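Chain by chain, the residues:
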Amino acid sequence: MFKTCALISLCAYVGLAADFVTGQGARLVIGQTTFTNQLPGASDTLLGGVGGVAFANGILFVTDANRTGLTPINNRVLLFPTQSFPGPLDPIQPYIARCGTCVGKASTVLGQTDFTSVDFHITQSGLRLPTAVATDGKILAVADTANNRVMIWKSIPTVNGQPADLVLGQPDFTTISPVVVDNRSFRGPQGVWIQNGKLFVADTQNHRVLIWNSIPTQNRQPADVVLGQANFNVAVQPDLTKGASDAHANTLLNPVSVSSDGTRLYVADLGNNRVLIWNSIPTSNQRPRTSSSDRRISRHRFQTMRRVCARRTEPIPPAR
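Reading guide: rules and limits
- Residues numbered from 1 in each chain as written.
- Predicted model: local features only at pLDDT ≥ 70, side-chain atom pairs only at ≥ 80, totals over all residues.
- Heavy atoms only, no water.
- Helix = DSSP H or I, 4+ residues; strand = E, 2+ residues; numbered from the N terminus.
- Buried < 20%, exposed > 50% of the residue type's maximum accessible area, 1.4 Å probe, protein only.
- Pairing = 2+ DSSP bridges.
- Contact = heavy atoms within 4.5 Å.
- Polar contact = N/O pair within 3.5 Å; in protein donor to acceptor, adjacent residues only side chain to side chain.

K.L.:
Please clarify how the environment of Ser214 should be interpreted in this entry.
P.N.:
Looking at the element boundaries, Ser214 is found in the loop between β11 (208-212) and β12 (225-227). Among the residues examined, Ser214 registers a relative accessible area of 40% and is labelled partly exposed. Each C-alpha atom, one on Ser214 and one on Ile194, is 9.7 Å from the other, the two residues being 20 residues apart in sequence.

What follows is the structure, encoded as structure tokens:
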């Protein structure tokens, strides 16, 4: 009876493919021939230092470069079709020549003309330290970090080395301008996100997030909203000689990632050891999102302080 119950429980658990447990091992691996290999190099099945991933319409997008700068830096983005991946409950065939759970052969590479080249380029089809990728299934955006720009493809690329359609942060695809702080420029962007027709970029070394209210249609198009700084023309640098920096609801320190569920906005504020959340997509510069409960608390505090101040200004009654 005990064995039967245990078997039923196990089957019930296996049937819940969406459930996870602490410390659970991965089922599949991409970029290495086994779960324990750490081979360097570049091919359509071998990855170097992975920096970011995105998924849409059956394609996994992987940036083959990382923000730590550790080698290998392959300066590319790979597209992996996932239709051939084993499903959560599909049996893995034993005794096959290649690891049955080591899957993933890239169909397309961006930033390079083939799957073995790794050099960086400052061109319409080149990349230099791409650390983040985002897509809504229709367009593709890549944070080309070391080139201080974001590359945009108006449709999902289908051929190796396909040139981008737009560039943000630079006037054209072959120029790397001196660093300035305005609504058109970046300094080491490390995060991108696309949601509901808006583009979000974590402009890491300018300690801010830039928002385009619609997908840009021209090179170096200016952003509409900035978070983390008072306006588009300032980028307050922290005093690194201090033990701690000032952190507020409307400041950022080296933000490296941005995401949204369509309603809220989430920013990984790396330098302040936190994640900031806006309850709705911000529409004005720097301002933190204030919830209705916060406003009620603020009104309550104001009324309390007004009563306290009124009592303090009343004449002191004579002693009896």
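K.L.:
Got a minute to help me understand the pairing of β11 in this structure?
P.N.:
Most of β11 sits out of view: five of its five residues are buried. Taking every second residue as pointing to the same face, both faces of β11 are buried, with Arg208, Leu210 and Trp212 on one and Val209 and Ile211 on the other. Sheet topology note: the strand β10 (residues 198-203)/β11 ladder contains five bridges and is antiparallel. The partner of Leu199 across the bridge, within β11, is Trp212. Where β10 folds back on β11, the antiparallel hairpin that results is connected by four residues, among which His207 adopts a positive phi of roughly 55 degrees.

K.L.:
What's the story with the environment of Thr101 in this structure? I'm lost.
P.N.:
Inspection of the secondary structure puts Thr101 in the loop between β3 (76-81) and β4 (108-110). A sequence separation of 15 residues divides Thr101 from Pro86, and the C-alpha atoms of the two residues are 7.9 Å apart. Those residues in contact with Thr101, other than ones at most four positions away along the chain, are Arg27, Leu28, Val29, Phe35 and Ile92.

K.L.:
What is the right way to read the environment of Ala26 from this model?
P.N.:
Residue placement: Ala26 occurs in the loop between α1 (2-15) and β1 (52-56). Ala26 sits in the exposed class, given a relative accessible area of 60%. With 75 residues separating them in the primary sequence, Ala26 and Thr101 have C-alpha atoms 9.4 Å apart.

K.L.:
What is the right way to look at unusual backbone geometry in this model?
P.N.:
Apart from glycine, the bulk of residues carry a negative phi angle, and the bulk of peptide bonds sit in the trans form. Despite not being glycine, Asn75 has its phi angle at roughly 50 degrees, a positive value. Structurally, the position occupied by Asn75 is in the loop between β2 (59-64) and β3. Not every positive phi belongs to a glycine, and His207 is a case in point at roughly 55 degrees. Looking at the element boundaries, His207 is found in the loop between β10 and β11. Relative accessible area serves as the criterion here: at 3%, His207 is assigned to the buried category.

K.L.:
Help me understand the side chain of Ser43 in this model?
P.N.:
Looking at where Ser43 falls in the secondary structure, it is placed in the loop between α1 and β1. Under the relative-accessibility criterion, Ser43 is labelled buried at 19%. In terms of polar contacts, Ser43 uses its side chain to reach the backbone amide nitrogen of Leu46, at 3.0 Å. Filtering out sequence-adjacent residues up to four positions away, Ser43 remains in contact with Arg76, Leu78 and Phe115.

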